[in-house]
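These are the residues of each chain, in order.
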Amino acid sequence: MIDFVRNVQLWFAPQEISEEGRTPDYRFSLANERTFLAWLRTALALIGGGFAVDQFLPHLRWAWRAGLALALLAAGVLCSLRAVNHWVRCERAMRRGEDLPVSRFPALLSIAVAIVAVAMVVVVIAGWAG
Amino acid sequence: MGGVSPGADRGAERGAATDPAQNRDPGLQPERTRLAWRRTTLSSTVAAVLAMKASLHGGVHVQGVVVCALCCALWLGFLAVAHLRIRTLTAEGVPPALAPRHATTAVLCTVAVAVCAAVLVY
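About the criteria used
Residues numbered from 1 in each chain as written. Chains lettered and ligands numbered in written order. Predicted model: local features only at pLDDT ≥ 70, side-chain atom pairs only at ≥ 80, totals over all residues. Heavy atoms only, no water. Helix = DSSP H or I, 4+ residues; strand = E, 2+ residues; numbered from the N terminus. Buried < 20%, exposed > 50% of the residue type's maximum accessible area, 1.4 Å probe, protein only. Contact = heavy atoms within 4.5 Å. Areas by Shrake-Rupley, 256 points an atom, 1.4 Å probe, with all protein chains shown as cover. Buried area = accessible area lost by both parts, 1.4 Å probe. Salt bridge = Lys/Arg side-chain N within 4 Å of Asp/Glu carboxyl O. Polar contact = N/O pair within 3.5 Å; in protein donor to acceptor, adjacent residues only side chain to side chain. 1 Å grid on protein atoms, 1.4 Å probe; cavity = no way out; pocket = protein on both sides within 12 Å on 5 of 7 lines; lining within 4 Å. Points joined across faces, edges and corners; volume = space filled by probe spheres on them. Nonpolar A, V, L, I, M, F, W, Y, C, P; charged D, E, K, R; others polar. Core = buried A, V, L, I, M, F, W, Y, C linked by side-chain atoms within 4.5 Å. Phe/Tyr/Trp six-rings, centres within 6.5 Å; stacked < 30°, edge-to-face > 60°. Lys NZ or Arg CZ within 6 Å of the ring centre and 35° of its normal. Arc of directions from axis to C-beta. pLDDT = per-residue confidence, 0-100. Axes fitted to C-alpha atoms, helices over the stretch in contact; angles between N-to-C directions. Parallel < 35°, antiparallel > 145°, perpendicular 65-115°, else oblique. Left-handed = near helix turned anticlockwise from the far one by under 90°.

Before going further, it helps to spend a moment on the overall build of chain B. Within chain B, the secondary structure is distributed over 5 helices and 0 strands. Secondary structure elements of chain B, listed N to C terminal, follow the sequence α-α-α-α-α. Out of the 122 residues in chain B, the part that is buried amounts to 39%. Pairs at least 24 apart in sequence give 68% of the contacts found in chain B among residues at least 6 apart. Carbon together with sulfur atoms contributes 67% to the accessible area of chain B, which is approximately 6,400 Å² in total.

Below you can see the structure in the form of structure tokens.
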């Protein structure tokens, strides 16, 4: 938890990162930046999916529609916050010459997306039946 | 990863070289990063358009207009960050690393759009 607070401080304080360790090869930093952007696109896609569920499934019952939309939006928020956190952690690890941080977030996100997909299938089939 | 890698030396030479053919990073790293920013801008545009459609759905009312304006402003904020970064990456020489402030701004714009969406769902 303390590590997390420290990371959040680093989101806003560029000079503190560059005080630690030595500057890595610029290509590693750019690769880290592209990974960050890829996660940000994933987050934007999840948020877009939340809008789409809310807008393009008008015949769903309100509770289902709001639940699915809010689940997708929450996943998008988590994904974007985790994107910047992981980027900072990787940047620090590279500067200090440590191993890159490992993460169980990709697995959790895949499971969450799978659950939402199954829920969508159930909702569509139930919609046909009803 | 520790120590000065040959890539860093080559990067330093690349900034000093004047011949455009030698100026090019063989891995095209700055170009790929620039295009990644472009793709991300495109994704944020799609999200912003969906947000505006959702906010003005079912007639114009005060709450919808406010959320729509907010989403426009957030999209412009994201665009500004992306534009700054793309300009830095297009410039000659070794590009500096992304500033955490810019990364945080981009993420906060994304989070704020999601919050707007949650408000609209209710």
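Attention shifts here to the interface of chain A and chain B. Taken together, the contact pairs 38 residues of chain A with 49 residues of chain B. For the pair chain A and chain B, the summed buried surface comes to about 4,000 Å²; carbon and sulfur atoms form 74% of the total. For chain A, the biggest contributors to the area lost against chain B are Tyr26(A), Arg34(A) and Phe51(A); these three give 18% of the whole. One salt bridge in this structure joins Glu33(A) and Arg85(B), with 2.7 Å as the shortest N-O distance. Between chain A and chain B we count 7 residue pairs in polar contact (both at pLDDT 80 or more) in total.

Here we take up the layout of surface pockets. All names here are of chain A. Volume-wise, the largest pocket comes out at about 440 Å³. What lines the largest pocket is a set of 17 residues, and nearest its centre among them are Phe4, Asn7, Asn85, His86 and Arg89. Within the residue set of the lining of the largest pocket, elements represented by two or more residues are α1 (2-12) and α4 (62-96). Per-element tally for the lining of the largest pocket: the top contributor is α4, with 9 residues. Residue composition of the lining of the largest pocket, grouped by class: 7 nonpolar, 4 polar and 6 charged.

A separate point is the nonpolar core. In terms of nonpolar packing, the biggest core is built from 56 residues, with Phe36(A), Phe51(A), Cys79(A) and Trp37(B) touching the most fellow members. Listed by contribution, the elements that provide at least two residues to this core are α1, α3 (26-56), α4 and α5 (105-129) of chain A together with α3 (29-55), α4 (62-90) and α5 (100-121) of chain B.

Time to look at empty space enclosed by the protein. Summed over the entire model, instances satisfying the criterion amount to 1 cavity of 30 Å³ or more. Taken as a whole, the largest cavity encloses approximately 70 Å³ of empty space. Forming the boundary of the largest cavity are Leu44(A), Ser44(B), Ala48(B), Cys71(B), Leu74(B), Trp75(B), Phe78(B), Cys109(B), Thr110(B) and Val113(B). For the lining of the largest cavity, the secondary-structure elements that each account for two or more residues are α3, α4 and α5 of chain B. Along the lines of polarity and charge, the residues of the lining of the largest cavity split into 8 nonpolar, 2 polar and no charged.

Residues and elements named next belong to chain A. Counted by the stated rule, this structure contains 3 aromatic pairs over all chains. With a centroid separation of 6.0 Å and an interplanar angle of 40°, the aromatic rings of Phe36 and Trp87 are classed as tilted. Of the two residues, Phe36 is situated in helix α3 and Trp87 in helix α4; the sequence distance between them amounts to 51 residues. We classify Trp87 as buried; its relative accessible area is 2%. Between the NZ or CZ atom of Arg82 and the centre of the ring of Trp39, over which it lies, the distance is 4.8 Å.

An α-helical segment advances 3.6 residues per turn. Residues three or four places apart therefore align on the same side. Where α1(A) is concerned, the buried positions are Asn7(A), Leu10(A) and Trp11(A). Taken down its axis, α1(A) places every buried residue within 110° of arc, on the same side.

What follows is about the confidence of the model for chain A. Averaged over every residue, the pLDDT of chain A is 85; the share at 70 or more is 96%. Per-element confidence in chain A is highest for α3(A), whose mean pLDDT is 91, and lowest for helix α2 (residues 14-19) of chain A, whose mean pLDDT is 69.

Before going further, it helps to examine the packing of α3(B) against α4(B). All names here are of chain B. Here α3 crosses α4 at 175°, and the two axes come no closer than 10 Å. Overall, the two elements α3 and α4 adopt an arrangement that is roughly antiparallel. Considered class by class, the residues forming the contact of α3 with α4 number 16 nonpolar, 8 polar and 3 charged.

Let us now look at the packing of α3(A) against α4(B). Describing two packed helices takes the angle between their axes plus the distance from one axis to the other. Contact pair α3(A) / α4(B): the axes reach a minimum separation of 14 Å and the direction vectors enclose 155°. Put simply, α3(A) runs roughly antiparallel to α4(B). The two elements α3(A) and α4(B) cross, and the hand of that crossing is left-handed. Two secondary-structure elements touch here, α3(A) through Leu30(A), Glu33(A) and Leu40(A) and α4(B) through Phe78(B), Arg85(B) and Leu89(B). When grouped by side-chain class, the residues that make up the contact of α3(A) with α4(B) number 4 nonpolar, no polar and 2 charged.

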